[in-house]
Amino acid sequence: MKFKKSVKNAALLIVTVMLPLISSCKKNDGSGYIFKYDIAANPVTLDPQTATDSASYEIIANMFEGLLRVDNEGNLQSAAAESYAVSEDGLTYTFDLRDNIYWYDGDKFEAPCTAHDFVFAFQRLFRPSTKSKSAGNFFCIKNSEKINKGIIEDLSELGVKALDDKTLEITLDSPNPSFPVMLTTVPAMPCNREFYENSNGKYGLYGGSVASNGAFYLYRWSYDRWSSDNNNIIMRANIKNNENGAISPHGLNFFIEEDNSYQNFLNEQSHVYITSGSEAIQLLNSGYKNTESETRIWGVLFNTKSGSFANENLRQALAYSIQRELCEINTVGYRKAKGIVPNAINIGEEFYRKLADKECYLPYDGNLAKSTLEMALENVNKNSWSGLTIYVPDDDVIFEYISDISQMWQSELNFYCNIKRLSDADHDRVLQSGDFDFIVADISGNFNSPYSYLSSFSSSGGSNYSGYSDPSFNELLSKAEISASEKESAELYYLAERKIIDSAVFIPLLNQSEYAFFGEDCKGIVYNPFTKTVVFKEAKKF
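Residues numbered from 1 in each chain as written. Predicted model: local features only at pLDDT ≥ 70, side-chain atom pairs only at ≥ 80, totals over all residues. Heavy atoms only, no water.

Q: Describe the overall build of the protein chain, naming the residues involved and giving the relevant values.
A: Secondary structure assignment for the protein chain yields 16 helices and 26 strands. A compact globule built from 542 residues should have a C-alpha radius of gyration of about 24 Å, and the protein chain, at 24 Å, falls within 12% of that. Its C-alpha atoms put the protein chain at 70 × 55 × 40 Å along the principal axes. Expressed as a percentage of its 542 residues, the buried residues of the protein chain come to 56%. Excluding contacts between residues fewer than 6 apart, the proportion of contacts in the protein chain whose partners are at least 24 apart in sequence is 69%. As displayed, the protein chain has an accessible area near 22900 Å², and 44% of this comes from carbon and sulfur atoms. If the 50 positive side-chain charges of the protein chain are averaged to one point and the 71 negative ones to another, these points end up 2 Å apart. (Helix = DSSP H or I, 4+ residues; strand = E, 2+ residues; numbered from the N terminus. Rg over C-alpha atoms; globule rule 2.2 N^0.38 Å. Buried < 20%, exposed > 50% of the residue type's maximum accessible area, 1.4 Å probe, protein only. Contact = heavy atoms within 4.5 Å. Areas by Shrake-Rupley, 256 points an atom, 1.4 Å probe, with all protein chains shown as cover. Lys, Arg positive; Asp, Glu negative; His and termini not counted. Charge placed at Lys NZ, Arg CZ, Asp CG, Glu CD.)

Structure representation (structure tokens):
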């Protein structure tokens, strides 16, 4: 069966950026340019099976070709696989791989990309010694969780098989409507066994330790953490894959930890800029070409493991005392949130919020707020919670919004709190440390599914900073993920979302848009707001 299903990702963005030509490769069709882009940090590793940071994802997305990819309109398209078929029970996927994709390291290594490379990559993903933080996202694959937990030691028992060099079969434990989309993400990229084993345990850690089966190979990786000069990653078109005429740019220049990324974009020294908040408003007002995605939800996240807010009634009292209709939002790029899952998220080809047909938050109820507070005070000493500090990000709109809400808490409940505004780095540090009573945090998914957002509260979720734990919630997520019906799946996800809302673990407040801005006369760049990656394979400048 050819590619018949598509994923309407309303949040995916595409645009083109290029740099002045510095090679003789320039053509009149807009190809042959070198593109510049600033990345915020030095990649930790270019090993797709272990990478977790956005900088690593950015480079990997331009080096590797997975089975499937997402095009400029958010639809699933062929990549390393030119077609695939799904069995009637939804458990077995059979992929026919292209015969013109090659590995290349820019030096001596060259080999065709085969089905065995995908088998080896998934075996590495689930092997306990790899310690991949992304393995849990793919536990729908047959025997993957048992292998990852050491229950099964024989990797050949994994439901990923090479039927021959160009035919790959993946078997699931249960149907999963999101599985094709998951195959476009970084952990599902292939790995060549021969190259990996010759890297002597340093795969992906420096320039010569990783090969490319995608559009660009790693020409140079220079980074000195004690210096701000010449920290860059230089990539050039994969010679073998470029013979197929599929790669438009001559190469890419990524600049690491640039202090003036915003100004670099204004001065055309960088040709893509991803931002939100006040910077986005300035660029919008200046008329830059852009695309918008609504994939981030900000809200109040409580520490449910320790401190005063381990008391559910106290959390609920604060939630019930918020009068949303009195909170004004007149700033471009912000809207009041309707739940934990943003409006743009799909199940199959339908929007989740439309399928669920319900908003998801606790409405204002002054009497209920007071009564739940009274119940809370039977177990919580008022002196232990009044005067606590809520941490907020360095964002004017969010800070003012929380300031208004804190006044409501004072008026409704005589609850006083301090508001501490933190830099992005400090905010992330506090969130990940768990050293907070409550904090304004964002929920962002790494692929287009309600599961990607709600799993932030699951017991196995790596970003479950609230400490929330409820087996029935985990069970709802599991059932929703394998439901064959989109409507039934939406209903189960809604029940799971409702559990978080009703127990006031997270109070959704604002949906914040993210914008990708592009240089003049640029086309063909794909921005994925879930993985936060910019893909330049089809980039052109006219």
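So that's the structure; there's more coming.
Q: Now, about the sheet that holds strand 9 (residues 160–164): what can you tell me, with residues and values included?
A: An order of 5-6-10-9 is seen for the 4 strands of this open sheet, with the pairing classed as antiparallel. The open sheet has two free edges, formed respectively by strand 5 (81–86) and strand 9, since each of these has just one partner strand. On average, each strand axis in the sheet is inclined to that of its neighbour by 20°, with strand direction left out of account. Bridge analysis of strand 5 against strand 6 (residues 92–97) gives 5 bridges, and the strand direction is antiparallel. Counterpart to S83 in the pairing with strand 6 is D96. Most of the contacts of helix 2 (residues 115–126) go to strand 9, to which it runs at about 165°, and overall it touches strand 6, strand 9 and strand 10 (167–171). (Pairing = 2+ DSSP bridges. Axes fitted to C-alpha atoms, helices over the stretch in contact; angles between N-to-C directions.)

Q: Talk me through the pattern of salt bridges; I want residue IDs and the actual numbers.
A: Under the counting rule described, the total for this entry stands at 17 salt bridges. R498 serves as the salt-bridge partner of D502, at 2.9 Å between the closest nitrogen and oxygen. Placement of the pair is D502 and R498 together in helix 16 (residues 486–502), with a separation of 4 residues, close to one helical turn. The partly exposed category is assigned to D502, whose relative accessible area is 34%. One network of salt bridges, with partners in common, ties together D394, D396 and R421. (Salt bridge = Lys/Arg side-chain N within 4 Å of Asp/Glu carboxyl O.)

Q: Describe in detail the side chain of N311, supporting the description with residues and values.
A: Mapped onto the elements, N311 comes out in the loop between strand 15 (290–302) and helix 9 (312–320). A distance of 2.9 Å separates the side chain of N311 from the backbone nitrogen of N313, its partner in a polar contact. Apart from residues no more than four positions distant in its own chain, N311 is found in contact with A376, N379 and V380. (Polar contact = N/O pair within 3.5 Å; in protein donor to acceptor, adjacent residues only side chain to side chain.)

Q: If you had to explain the sheet that holds strand 13 (residues 251–256) to someone new, which residues and values would you point to?
A: With respect to topology, 4 strands assemble into an open sheet ordered 2-13-12-11, the strand pairing being mixed. Edge strands, defined here as strands with exactly one partner in the open sheet, are strand 2 (34–39) and strand 11 (216–222). Within the sheet, the average angular offset between the axes of one strand and its neighbour, ignoring direction, is 20°. As paired elements, strand 12 (residues 232–237) and strand 13 share 5 bridges and run antiparallel to each other. The partner of I234 across the bridge, within strand 13, is N253.

Q: Residue-level account of the packing of aromatic side chains, with values.
A: Going through the model one piece at a time under the given rule, you end up with 30 aromatic pairs. Seen in terms of ring centroids, Y104 and Y217 are 5.0 Å apart; in terms of plane orientation they differ by 85°. Their pairing is edge-to-face. Residue Y104 is found in strand 7 (residues 102–104), and its partner Y217 is found in strand 11; the two are separated by 113 residues along the sequence. The exposure class of Y104 is buried, given its relative accessible area of 10%. On the basis of relative accessible area, Y217 is assigned to the buried category, the value being 10%. Among the aromatic side chains, those forming a connected cluster through ring pairs are F109, F120, F195, Y196 and Y203. Across from the ring centre of F399, 5.2 Å away, lies the NZ or CZ of R421, which sits over that ring. The residue whose ring lies beneath K523 is F542, and the NZ or CZ to ring-centre distance is 5.5 Å. (Phe/Tyr/Trp six-rings, centres within 6.5 Å; stacked < 30°, edge-to-face > 60°. Lys NZ or Arg CZ within 6 Å of the ring centre and 35° of its normal.)

Q: Describe the packing of helix 9 against helix 11 (residues 366–376), with residues and values.
A: A pair of packed helices is characterised by two quantities: the angle between their axes and the separation of those axes. It is at 8 Å that the axes of helix 9 and helix 11 come closest, and there the two elements cross at 160°. Compared by their axis directions, helix 9 and helix 11 come out roughly antiparallel. Taken as a pair, helix 9 and helix 11 cross one another with a handedness that is left-handed. In this structure, helix 9 contributes N313, L314, Q316, A317 and Y320 to the contact, and helix 11 contributes G366, L368, A369, T372, L373, M375 and A376. (Parallel < 35°, antiparallel > 145°, perpendicular 65-115°, else oblique. Left-handed = near helix turned anticlockwise from the far one by under 90°.)

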